[in-house]
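Structure assessment
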Amino acid sequence: MSVSVKSPALAPARQSAKDPVGAPSIATPSIKETQIIAIYGKGGIGKSFTLANLSYMMAQQGKKVLLIGCDPKSDTTTLLFGGRACPTILGTSGEKKRAGDKVSIGDVCFKRDGVFAMELGGPDVGRGCGGRGIIHGFELLEGLGFHEWDFDYVLLDFLGDVVCGGFGLPIARDLCQKVIVVGSNDLQSLYVANNVCSAVEYFRGLGGNVGVAGMVINKDDGTGEAQAFAKAVEIPILATIPAHDEIRRKSANYEIIGRPGDRWGPLFEELATNVGLAPPIHPKPLDQDGLLGLFTGDVVGRHVVLEPATPEDMCSAATFKKPSLEVIYDDV
């Protein structure tokens, strides 16, 4: 089943022609259109932290925002609700089905200070496919009227480590208009970000319309690899969140730091503005050598020489000391 956006309220923004200097201009639709934005990144890189604070700030700026957690861990909304876990759509649906009831909006969608939020959920460990769970979750959202909802922004939190079709749903099926990647100055997070850029370009080649709006650098320690990556793949940096102990402590205590007037408020005000205005663009993903080239050789081991193995290396020496069946005749 193709989960494509059809209604005017949740329709992808039209892409306009490039301006004279070659940069994509921002679409100016004649009717209000929801921006549906998928955020991807390595597990634990700070997607949920970023989205909880971003959605909160957007709501404080008068925007109507829906935050949907699409990670089987179901932790996207936990920070938003001060450490309280939400009932998931998949879990609630299963319980209601067994009881012969139907799921209603109030069962799975909750509010805080203007932000609407829900969690798709996923299967129990070892008992199903998380990607398939994502697809089923969006089918349930359609049944709840997803295409008729009226929001300024719908923010989707997706795990970037997994490359199966379920987690690539927003990109593969044009469910969103643009993607944001979250990364840091480490190889693994940039590997995931590069994979997401590759997926965007692959589906563009098949006629897709999703683009990359940019990158959020989290836990920035100033070493510069994430900045170098963004420059290399030609995507903008939407915000840089420093590796600061106060941010770490407050996040661990499930506190929102993206509040107007607070110390970190301007950072998320800038991020909210950039997210809204950034157009979906074509990234230029790197190959493996190009990605490794962002780091010094002693960090990633580029000085190591690959030595081919031999059949003798793979087996014990006795394996190769078999008696010969060759018949040798004495000289006549």
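Summary of the structure given here.

Rules used throughout
- Residues numbered from 1 in each chain as written.
- Predicted model: local features only at pLDDT ≥ 70, side-chain atom pairs only at ≥ 80, totals over all residues.
- Heavy atoms only, no water.
- Helix = DSSP H or I, 4+ residues; strand = E, 2+ residues; numbered from the N terminus.
- Buried < 20%, exposed > 50% of the residue type's maximum accessible area, 1.4 Å probe, protein only.
- Lys, Arg positive; Asp, Glu negative; His and termini not counted.
- Salt bridge = Lys/Arg side-chain N within 4 Å of Asp/Glu carboxyl O.
- Polar contact = N/O pair within 3.5 Å; in protein donor to acceptor, adjacent residues only side chain to side chain.
- Contact = heavy atoms within 4.5 Å.
- Pairing = 2+ DSSP bridges.
- Axes fitted to C-alpha atoms, helices over the stretch in contact; angles between N-to-C directions.
- Phe/Tyr/Trp six-rings, centres within 6.5 Å; stacked < 30°, edge-to-face > 60°.
- Lys NZ or Arg CZ within 6 Å of the ring centre and 35° of its normal.
- Expected span 1.5 Å × (residues − 1).
- Arc of directions from axis to C-beta.
- Core = buried A, V, L, I, M, F, W, Y, C linked by side-chain atoms within 4.5 Å.

**Focus: the side chain of Asp174**
Tracing the chain through its elements places Asp174 in the loop between helix H5 (169-172) and strand E6 (178-183). Nearest to the buried, unbridged Asp174 among oppositely charged side chains is Arg204, at 7.9 Å. Here Asn209 takes part through its backbone nitrogen, which lies 3.1 Å from a polar atom of the side chain of Asp174.

**A few points about the side chain of Thr50**
Tracing the sequence through the fold places Thr50 in helix H1 (residues 47-60). A distance of 2.8 Å separates a polar side-chain atom of Thr50 from the backbone oxygen of Gly46. Sequence-distant contacts of Thr50, that is, excluding residues within four places in its chain, are made with Ile39, Val216, Ile241, Phe268 and Leu271.

**Details of the pattern of salt bridges**
In total, this model carries seven salt bridges according to the counting rule given. The closest approach of N and O atoms between Arg248 and Asp245, which form a salt bridge, is 2.8 Å. Residue Arg248 and its partner Asp245 are both found in helix H8 (residues 245-252); the two are separated by three residues, about one turn of the helix. On the basis of relative accessibility, which here comes to 42%, the residue Asp245 falls in the partly exposed class. Across the salt bridge formed by Asp245 and Arg249, the nearest N and O atoms sit 3.0 Å from each other. Placement of both Asp245 and Arg249 in helix H8 is noted, with a separation of four residues, approximately one turn of the helix.

**Let's talk about the sheet that holds strand E2 (residues 65-69)**
Pairing is mixed across the open sheet formed by eight strands, whose spatial order is E3-E4-E2-E5-E1-E6-E7-E8. Looking at strand neighbours, the two that pair on one side only are strand E3 (110-112) and strand E8 (237-242), the edges of this open sheet. The mean inter-strand angle of the sheet, taken between neighbouring strand axes irrespective of direction, is 20 degrees. Here six bridges tie E6 to strand E7 (residues 211-220), and the two strands are oriented parallel to one another. Bridging from a neighbouring strand, Val179 pairs with Val212 of E7. Across the sheet, H1 is in contact with strand E1 (35-41), E2, E3, strand E4 (115-119), strand E5 (153-159), E6, E7 and E8; its angle to E5 comes to roughly 175 degrees. Strands E7 and E8 of the sheet are contacted by helix H7 (residues 225-233), whose axis makes an angle of about 170 degrees with E7.

**Section: the packing of aromatic side chains**
Scanning the entire structure with this criterion turns up seven aromatic pairs. A centroid spacing of 6.1 Å and a plane angle of 80 degrees characterise the contact between Phe49 and Phe268, whose relative ring orientation is edge-to-face. Pair noted here: Phe49 is in helix H1 and Phe268 is in helix H9 (residues 265-277), with a separation of 219 residues, a long-range link. Note on Phe49: relative accessible area 8%, which makes it buried. In this structure Phe268 comes out as buried when scored by relative accessible area, which is 1%. Between Phe146 and Trp149 the ring centres are 5.6 Å apart and the planes differ by 75 degrees, which places this aromatic pair in the edge-to-face class. Each member of the pair, Phe146 as well as Trp149, carries the same accessibility label: buried. Among the aromatic residues, ring-to-ring pairing joins Tyr40, Phe138, Phe146, Trp149 and Phe158 into one connected group. A cation over an aromatic ring shows up here: Lys64 above the ring of Phe116, its NZ or CZ 5.9 Å from the ring centre. Stacked on the ring of Phe151, the Lys or Arg Lys64 has its end atom at 5.0 Å from the ring centre.

**Observations regarding H9**
The terminal C-alpha atoms of H9 lie 19 Å apart, and with 13 residues this matches the ideal 18 Å at 1.5 Å per residue to within 8%. Three or more residues of H9 are buried, namely Gly265, Leu267, Phe268, Leu271, Ala272, Val275 and Gly276. Looking down the long axis of H9, one finds its buried residues gathered within 160 degrees of arc, a one-sided arrangement. Among the structural elements, E1, H1, E5, E6, E7 and E8 are those in contact with the buried residues of H9.

**Here's the deal with the environment of Pro242**
Note that Pro242 resides in strand E8. For the pair Pro242 and Ile217, spaced 25 residues apart in sequence, the C-alpha separation works out to 8.2 Å. When sequence neighbours within four positions are dropped, the list of residues in contact with Pro242 reads Lys219, Asp220, Ile247, Trp264 and Leu267.

**Considering the nonpolar core**
One finds Ile68, Phe138, Leu141, Leu156, Phe158, Val179 and Met215 to be the most contacted residues of the largest nonpolar core, which totals 48 residues. In terms of residue count, helix H6 (residues 187-205) provides more of this core than any other element does, five residues in total. The contact partners of Phe158, leaving out residues within four places of it in the chain, are Ala38, Ile39, Tyr40, Gly41, Lys47, Cys70, Ile134, Phe138, Gly166, Phe167 and Pro170. Of all hydrophobic cores here, the second largest spans 38 residues; its members include Met57, Leu79, Ile180 and Val275.

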